[in-house]
Amino acid sequence: MTPRRTRLLVIGAGAAGYTAAIYAARANLRPILVTGPQPGGQLTTTSLVENFPGFALAIEEPWLMQQVEAQAANVGAEIVNDAIVEVSLGERPFLCRSRRGDIFAAEASVVATGASARWLGHEPPVLHGRGISGCATCDGVFFCKQDVAVIGGGNTAMEEAL
């Protein structure tokens with residue numbers, strides 16, 4: 001299979017990945033962005049977003065990330081709905097294989113795969129972002145002056161809750 005060549009391959013389609021693709025496209029790098037398993041990133045785990053710059057009122061997450069994706073495409077980024085499963089960084093161009101078997105040859109790559117909450121596994125997923133939060137920094141304001149339970153190891157969970 002002939003590799004698809006690009007000057008820049010962006011791996012991940014959260015806010016950081018789309019932003020990288022937007023700036024790269026505006027710089028005429030003709031980037032390819034491979035979305036990964038969760039297009040929209042962690043923003044897809046909440047229903048309302050109140051801390052995104054430029055919006056005075058809360059906005060709905062699906063709409064926000066649809067707009068960011070459309071902006072990336074409109075300025076020239078190619079969006080590929082797939083996931084990168086193997087990367088070879090030994091020499092340039094970097095070779096990246098997708099879940100579907102496509103090979104991308106990139107002179108440079110931005111890895112914006114983000115993070116994800118580690119859920120207990122017993123809570124109803126319908127409550128994620130609607131009473132059960134995986135990001136106190138993002139959602140803490142919704143629980144001000146309420147009793148909360150903090151579940152997590154190390155200092156991170158407690159620091160975010162405080």
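Residues numbered from 1 in each chain as written. Predicted model: local features only at pLDDT ≥ 70, side-chain atom pairs only at ≥ 80, totals over all residues. Heavy atoms only, no water.

Caption draft 1: Focus on the environment of Glu69. The topology assignment puts Glu69 in helix H2 (residues 61–74). For Glu69, a relative accessible area of 28% gives the class partly exposed. (Helix = DSSP H or I, 4+ residues; strand = E, 2+ residues; numbered from the N terminus. Buried < 20%, exposed > 50% of the residue type's maximum accessible area, 1.4 Å probe, protein only.)

Caption draft 2: A look at the packing of aromatic side chains. Tallied over the full model, the rule gives 2 aromatic pairs. Ring geometry for Phe52 against Phe55: centres 6.2 Å apart, planes inclined by 50°, an arrangement best described as tilted. When its relative accessible area of 32% is taken as the criterion, Phe55 is described as partly exposed. In textbook terms, an aromatic cluster arises when at least three aromatic residues are bridged by ring pairs, as seen for Phe52, Phe55 and Trp63. (Phe/Tyr/Trp six-rings, centres within 6.5 Å; stacked < 30°, edge-to-face > 60°.)

Caption draft 3: How the structure looks around the nonpolar core. Counting residues in hydrophobic clusters, the biggest one holds 17 residues, and the most contacted among them are Val10, Tyr18, Leu33, Leu64 and Val68. Among the elements of the structure, strand S1 (4–11), helix H1 (15–26) and H2 are those that each provide at least two residues to this core. No other element matches the 6 residues that H1 contributes to this core. Beyond its immediate stretch of four places on either side in the chain, Val68 contacts Tyr18 and Ile22. Of all hydrophobic cores here, the second largest spans 9 residues; its members include Ile11, Val34, Cys96 and Ala106. (Core = buried A, V, L, I, M, F, W, Y, C linked by side-chain atoms within 4.5 Å. Contact = heavy atoms within 4.5 Å.)

Caption draft 4: Highlighting the pattern of salt bridges. Applying the stated rule across the entire model yields 3 salt bridges. Here Glu78 and Arg4 are joined by a salt bridge, their closest N and O atoms 2.3 Å apart. Of this pair, Glu78 sits in strand S5 (residues 78–80) while Arg4 sits in strand S1, placing them 74 residues apart in sequence. Put simply, Asp82 and Arg100 hold a salt bridge, and the shortest N to O gap is 3.0 Å. (Salt bridge = Lys/Arg side-chain N within 4 Å of Asp/Glu carboxyl O.)

So far we have only geometry, and geometry alone does not tell us how the molecule works.
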